[in-house]
Amino acid sequence: MSALLIAEHNNKELKPFTLNAITAASQIDEDLHVLVIGHNLDEVAKSISQIPNVKKVIQIDNEIYENYLAENFASAVIKNAENYSHIVCSANTFGKNLMPRIAALLDTSQISDIIKVISSDTFLRPIYAGNAFATVKSNDKKKCITIRPTSFDPAPTSGGSAEIVKVDAGEANSNIKFIKREEIKSDRPELGTARVVISGGRGMQSGENFKLITAVADKLNAAIGASRAAVDAGYITNDHQVGQTGKVVVPDLYIAVGISGAIQHLAGMKESKVIVAINKDGEAPIFSVADYGLEADLFEALPKFLEELNKLNTIQK
Amino acid sequence: MKILVAVKRVIDYNVQVRVKEDGTGVVTDNVKMSTNPPDDNAIEEAVKIKESGKAKEIVAVTVGEEKAQETVRKALAVGADRGIHVKIDGIIEPLAVSKILQKIVDKEKPDLVFMGKQAIDDDCNQTGQMLGALLNWPQATFASKIEVKENSLEVTREVDEGLETIEVNTPAIVTCDLRLNEPRYASLPNIMKAKKKPIEQINASDLGVDTNSRIEVIKVEEPPKRKAGIKVANVEELVQKLKNEAKVI
Ligand SMILES: Cc1cc2nc3c(=O)[nH]c(=O)nc-3n(C[C@H](O)[C@H](O)[C@H](O)COP(=O)(O)OP(=O)(O)OC[C@H]3O[C@@H](n4cnc5c(N)ncnc54)[C@H](O)[C@@H]3O)c2cc1C
Ligand SMILES: Nc1ncnc2c1ncn2[C@@H]1O[C@H](COP(=O)(O)O)[C@@H](O)[C@H]1O
């Protein structure tokens with residue numbers, strides 16, 4: 001049998017994390033097909049067909065799929081699921097919203113957020129905010145799996161030439177209506193894929209003070225993250241939250257500023273390659289995961305940090 | 001309007017979870033347990049809707065062992081009217097929970113089911129969406145704002161890109177984010193009153209649903225530990241280390 005991966009996109013481009021999910025899915029089964037559902041999708045389908053790991057692209061194009069409503073997507077996936085042993089998607093808000101609906105309709109116990117493929121039925125996944133790793137084996141005939149994208153490398157995007165098959169749309173659910181999306185646009189690297197992330201916490205004291213973070217982020221070409229406390233306090237919008245109930249990031253360099261290091265925050269960043277913590281409380285738990293801890297007042301340390309960075313002329317972008 | 005709220009008993013979020021030496025799971029003996037945090041937000045929202053006159057009754061339901069009743073009791077203390085405890089021992093997967101909840105929905109016929117977006121023990125983030133599929137109801141997941149309308153809800157959802165607003169007709173499933181509201185504390189008089197509110201006990205085995213595990217837990221282990229880092233004396237040293245030792249800038 002083959003694996004079916006559900007692509008995430010914005011009707012114009014493939015979302016980068018789909019590439020990581022493709023890597024994981026092709027570790028599960030080399031005969032990987034990608035299902036792309038949306039509206040006016042030809043470009044997206046074409047770009048998927050060029051990914052060497054992909055053997056076939058199934059495109060379902062209809063205006064009812066314009067806003068990715070899980071109710072409509074799930075029935076479209078079910079209609080096309082018959083010949084597949086695995087249905088796979090990345091574990092971000094798109095996949096989290098969608099996959100359990102598919103799994104329930106297939107009477108399958110979903111395995112969420114895997115970080116390693118051990119075999120085609122056995123996977124590693126974090127539980128308890130990453131405080132334990134569970135090796136789990138699915139005994140369902142059809143397996144529904146979501147993938148933690150940061151645990152897999154992105155698949156190459158060119159060199160392939162899979163066939164694209166168009167299939168008919170399913171029914172639209174009349175009990176749900178999309179109203180609007182407030183997408184926060186920025187020129188910065190995306191939080192999930194950035195090489196450097198600098199995050200601020202409650203210690204920042206205000207949204208205004210985040211300009212200290214922004215200045216360093218500009219210099220390092222970094223994405224900006226935040227703790228839940230900083231988001232809750234309104235210093236910054238929810239799409240920046242890192243942690244158990246936010247985003248998971250694995251950059252080469254993570255700089256935590258004015259963040260205490262609660263386990264729920266660590267769940268989202270402790271796999272980062274190098275961690276820096278700037279905190280005035282020497283006992284803060286963040287220091288226990290930091291490669292380099294600086295016990296200092298952030299309002300003095302951040303401007304100084306920027307000044308020192310400016311002295312270097314070799315910062316890699 | 002009637003609102004059913006699903007609450008789960010989990011290890012308290014402040015507890016440092018420890019893995020059992022035999023690799024079968026995590027230590028739960030003598031560990032503080034609480035209601036799954038976003039389930040408190042689900043209850044709070046239901047109570048607020050009732051207080052605004054838009055709901056008549058709130059029923060809190062939990063699925064789990066004998067002691068899981070505590071979470072229902074707590075929901076009653078902050079404003080739920082009555083409780084249901086579906087008794088079942090051992091670990092129960094979201095698919096089975098959603099099948100049990102489907103039976104409870106068939107019996108109670110609520111207009112809305114409120115739940116948490118994610119249980120902080122299994123971190124599955126599945127049950128609400130599964131229940132939505134089984135009932136063929138629309139779902140509003142990761143809700144951070146809810147506006148009750150005539151026969152629908154307008155819900156703001158937290159998604160990776162920012163915020164999204166959808167409208168779902170009732171009956172519907174809502175899964176709640178922690179930012180939805182600020183859960184209240186139960187006052188002592190309300191805790192006393194809650195002791196008199198009814199909790200119906202149902203044995204899961206009487207519901208006629210398949211609750212068998214489909215997923216085998218082969219082992220549970222500690223995640224790899226990070227090696228200890230160092231403290232730097234000042235910003236200059238930090239920048240030097242990042243440049244020359246870690247080579248990340
Ligand atoms: C179910 C659940 C899920 C959660 N999910 C998440 C999640 O996804 N992500 C997340 O981040 N949190 C999450 N939390 C919240 C988490 O438990 C913590 O409350 C939160 O991470 C704390 O944020 P903080 O470190 O910014 O704030 P605090 O814990 O208040 O820490 C602020 C830090 O700033 C330092 N500081 C203050 N002033 C200065 C200064 N001038 N200079 C230097 N340092 C200073 C202090 O010493 C302190 O260590 C969750 C909680 C629950 C219950
Ligand atoms: N055993 C249970 N009893 C009652 N509600 C549950 C149970 N398990 C999960 N839920 C509900 O489903 C939500 C999501 O759980 P999960 O899918 O396990 O992450 C929780 O926040 C609860 O509202």
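Whatever comes next refers back to the structure up there.
Throughout what follows, the structure given in this document is the object of discussion. (Residues numbered from 1 in each chain as written. Chains lettered and ligands numbered in written order. Predicted model: local features only at pLDDT ≥ 70, side-chain atom pairs only at ≥ 80, totals over all residues. Heavy atoms only, no water.)

Here's the deal with the packing of helix α4 (residues 93-105) of chain A against helix α4 (residues 127-135) of chain B
No. 1: Close contact between α4(A) and α4(B) brings their axes to 7 Å; oriented N to C, the two are set at 45 degrees. In terms of axis orientation, α4(A) runs oblique to α4(B). Handedness of the crossing formed by α4(A) with α4(B): right-handed. Between α4(A) and α4(B), the contacting residues are Lys96(A), Asn97(A), Pro100(A), Arg101(A), Ala103(A), Ala104(A) and Leu105(A) on the first element and Gln129(B), Met130(B), Gly132(B), Ala133(B) and Leu134(B) on the second.
No. 2: Of the residues that constitute the contact of α4(A) with α4(B), the class distribution is seven nonpolar, three polar and two charged. (Axes fitted to C-alpha atoms, helices over the stretch in contact; angles between N-to-C directions. Helix = DSSP H or I, 4+ residues; strand = E, 2+ residues; numbered from the N terminus. Parallel < 35°, antiparallel > 145°, perpendicular 65-115°, else oblique. Left-handed = near helix turned anticlockwise from the far one by under 90°. Contact = heavy atoms within 4.5 Å. Nonpolar A, V, L, I, M, F, W, Y, C, P; charged D, E, K, R; others polar.)

Things to note about the site of ligand 1
Residue and element names in this part refer to chain A.
No. 1: Surrounding ligand 1, one finds 29 residues, the nearest of these being Arg202, Ser227, Thr245, Ser260 and Asn279.
No. 2: The separation between an oxygen atom of ligand 1 and a polar main-chain atom of glutamine 244 is 3.1 Å.
No. 3: Glycine 258 is positioned with one of its backbone polar atoms (N or O) 3.1 Å from an oxygen atom of ligand 1.
No. 4: Of all the secondary structure elements, the ones that give two or more residues to the shell around ligand 1 are α6 (228-232), α7 (263-266) and α8 (298-311).
No. 5: Partitioning the shell around ligand 1 into residue classes produces 11 nonpolar, 13 polar and five charged. (Near = heavy atom within 4 Å. Polar contact = N/O pair within 3.5 Å; in protein donor to acceptor, adjacent residues only side chain to side chain.)

So, empty space enclosed by the protein
No. 1: Evaluation of the coordinates by the stated rule reveals three cavities of 30 Å³ or more.
No. 2: Roughly 90 Å³ of internal volume is contained in the largest cavity.
No. 3: Looking at the largest cavity, it is lined by 13 residues, and the ones nearest its centre are Tyr128(A), Ile263(A), Tyr13(B), Val17(B) and Ile120(B).
No. 4: Considering only residue class, the lining of the largest cavity consists of eight nonpolar, three polar and two charged.
No. 5: Forming the walls of the second largest cavity are Ser109(A), Glu93(B), Leu95(B), Ala96(B), Lys99(B), Asp210(B), Thr211(B), Asn212(B) and Arg214(B).
No. 6: Counted by class, the lining of the second largest cavity contains two nonpolar, three polar and four charged residues. (1 Å grid on protein atoms, 1.4 Å probe; cavity = no way out; pocket = protein on both sides within 12 Å on 5 of 7 lines; lining within 4 Å. Points joined across faces, edges and corners; volume = space filled by probe spheres on them.)

As for the packing of helix α5 (residues 210-220) of chain A against α8(A)
To characterise two packed helices, one gives the angle between the axes of the helices and the distance between these axes.
Residue and element names in this part refer to chain A.
No. 1: Here α5 crosses α8 at 20 degrees, and the two axes come no closer than 10 Å. In terms of orientation, α5 lies roughly parallel with respect to α8. Here α5 runs over α8; the crossing is left-handed. Here α5 contributes Leu212, Ile213, Ala215, Val216, Lys219 and Leu220 to the contact with α8, which in turn contributes Phe299, Leu302, Pro303, Phe305, Leu306, Leu309 and Asn310.
No. 2: Among the residues making up the contact of α5 with α8, the classes are represented as 11 nonpolar, one polar and one charged.

Some details on the site of ligand 2
Residues and elements named next belong to chain B.
No. 1: If you check the shell around ligand 2, you find 19 residues, and the closest are Asp39, Val63, Ala119, Asn125 and Thr127.
No. 2: Note that an oxygen atom of ligand 2 is positioned 3.0 Å from one of the side-chain N or O atoms of asparagine 36.
No. 3: Side-chain polar atom of aspartate 39 to an oxygen atom of ligand 2: 2.5 Å apart, as the coordinates give it.
No. 4: Protein contacts shield 98% of the accessible area of ligand 2, which totals 480 Å² for the unbound molecule.
No. 5: Among the elements of the structure, β4 (57-64), α3 (94-108) and β6 (112-116) are those that each provide at least two residues to the shell around ligand 2.
No. 6: Of all the elements, β4 adds the most residues to the shell around ligand 2, at three residues.
No. 7: Its residues placed into classes, the shell around ligand 2 shows nine nonpolar, seven polar and three charged. (Areas by Shrake-Rupley, 256 points an atom, 1.4 Å probe, with all protein chains shown as cover.)

Quick notes on the pairing of strand β1 (residues 2-6) of chain A
Consecutive side chains along a regular strand alternate between the two faces of the sheet.
Residue and element names in this part refer to chain A.
No. 1: For β1, the tally of buried residues reaches five of five residues, placing the bulk of the element in the interior.
No. 2: A two-sided burial pattern is seen for β1, the buried positions comprising Ser2, Leu4 and Ile6 on one face and Ala3 and Leu5 on the other.
No. 3: Bridge analysis of β1 against strand β4 (residues 84-90) gives four bridges, and the strand direction is parallel. Within β4, the residue paired with leucine 4 across the bridge is isoleucine 87.
No. 4: In terms of strand pairing, β1 meets strand β2 (residues 32-38) through four bridges, oriented parallel. Bridging from a neighbouring strand, isoleucine 6 pairs with leucine 35 of β2. (Buried < 20%, exposed > 50% of the residue type's maximum accessible area, 1.4 Å probe, protein only. Pairing = 2+ DSSP bridges.)

What to know about helix α6 (residues 235-245) of chain B
All names here are of chain B.
No. 1: Among the residues making up α6, those that are buried are Val235, Leu238, Val239 and Leu242. Mapping the buried residues of α6 onto a view down its axis gives an arc of 95 degrees, with all of them on the same face.
No. 2: Looking one or two places after α6, you find lysine 247, whose phi comes out positive at around 55 degrees. (Arc of directions from axis to C-beta.)

Quick notes on a nonpolar patch on the surface
All names here are of chain B.
No. 1: Where nonpolar side chains cluster on the molecular surface, the patch consists of Leu188, Ile191 and Met192 and spans about 290 Å² of accessible area.
No. 2: Here leucine 188 is to be found in helix α5 (residues 188-194).
No. 3: A relative accessible area of 61% places leucine 188 in the exposed class. (Patch = residues over 30% accessible without salt bridge, like charges linked within 9 Å, V, L, I, M, F, W, Y side chains within 5 Å. Salt bridge = Lys/Arg side-chain N within 4 Å of Asp/Glu carboxyl O.)

A few points about the side chain of Ser90(A)
Residue and element names in this part refer to chain A.
No. 1: Tracing the sequence through the fold places serine 90 in strand β4.
No. 2: Here serine 90 falls in the buried class, since its relative accessible area comes to 2%.
No. 3: Excluding residues within four positions of it along the chain, serine 90 makes contact with Glu8, Phe17, Ala21, Gly95, Lys96, Thr146, Ile147 and Pro149.

Notes on the pattern of salt bridges
No. 1: One pass over the full model with this rule turns up 48 salt bridges over all chains.
No. 2: With a shortest N-O distance of 2.7 Å, Lys99(B) and Asp107(A) are connected by a salt bridge. Of this pair, Lys99(B) sits in helix α3 while Asp107(A) sits in the loop between α4 and β5 (111-114), each in a different chain.
No. 3: Residue Asp232(A) is joined to Arg179(B) by a salt bridge in which the shortest nitrogen-to-oxygen separation is 2.8 Å. Placement of Asp232(A) in helix α6 and of Arg179(B) in the loop between β10 (172-176) and α5 is noted, with the two residues assigned to different chains.

A short note on the environment of Ser158(A)
Residue and element names in this part refer to chain A.
No. 1: Tracing the backbone shows serine 158 in the loop between β9 (143-147) and β10 (163-166).
No. 2: Here serine 158 falls in the exposed class, since its relative accessible area comes to 54%.
No. 3: Taking the C-alpha atoms as reference points, serine 158 and phenylalanine 123, 35 residues apart in sequence, are found 28 Å from one another.
No. 4: Those residues in contact with serine 158 that sit more than four places away from it in its chain are Gln50 and Pro52.

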